Amino acid sequence: MSMANIFSRISSRKSERTQEELTMQYKRQLMEALSIDKLNDAWQIAKKEVEEEEAQKEESEHKRLSLAVK
């Protein structure tokens with residue numbers, strides 16, 4: 001096997017390994033982004049539920065006070 005062939009094979013393997021590493025890095029970053037999106041979605045849902053609950057409490061309190069005034 002000539003030196004050129006050996007260097008070509010080494011270069012090819014290194015390129016494959018680099019591509020595989022980049023693919024794995026991309027997959028990790030994608031999974032992190034999805035996790036962040038899921039956390040953000042959960043936060044938005046929880047925030048909305050708390051806001052709705054507080055609005056219901058205020059409405060109930062307002063009704064109670066308006067009945068007390070009558």
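Relevant structure appears above.
Residues numbered from 1 in each chain as written. Predicted model: local features only at pLDDT ≥ 70, side-chain atom pairs only at ≥ 80, totals over all residues. Heavy atoms only, no water.

Participant: Can you break down the overall build of the protein residue by residue, with the values?
Facilitator: Along its length, the protein carries 1 helix and 0 strands. The globule rule puts the C-alpha radius of gyration for 70 residues at 11 Å, and the 30 Å found for the protein is more than 25% above it. Overall size of the protein, expressed as C-alpha extent along the three principal axes, is 100 × 5 × 5 Å. For the protein, the residues scored as buried account for 0% of the 70 residues in total. Summing over all exposed atoms, the protein offers an accessible surface of approximately 7000 Å²; the carbon and sulfur share of this is 57%. (Helix = DSSP H or I, 4+ residues; strand = E, 2+ residues; numbered from the N terminus. Rg over C-alpha atoms; globule rule 2.2 N^0.38 Å. Buried < 20%, exposed > 50% of the residue type's maximum accessible area, 1.4 Å probe, protein only. Areas by Shrake-Rupley, 256 points an atom, 1.4 Å probe, with all protein chains shown as cover.)

Participant: Tell me what's going on with a negative patch on the surface, and back it up with residues and numbers.
Facilitator: Judged by side-chain charge, Glu49, Glu51, Glu52, Glu54 and Glu58 come together as a negatively charged surface patch. Its location among the elements puts Glu52 in helix H1 (residues 3–69). (Patch = residues over 30% accessible without salt bridge, like charges linked within 9 Å, V, L, I, M, F, W, Y side chains within 5 Å. Salt bridge = Lys/Arg side-chain N within 4 Å of Asp/Glu carboxyl O. Lys, Arg positive; Asp, Glu negative; His and termini not counted. Charge placed at Lys NZ, Arg CZ, Asp CG, Glu CD.)

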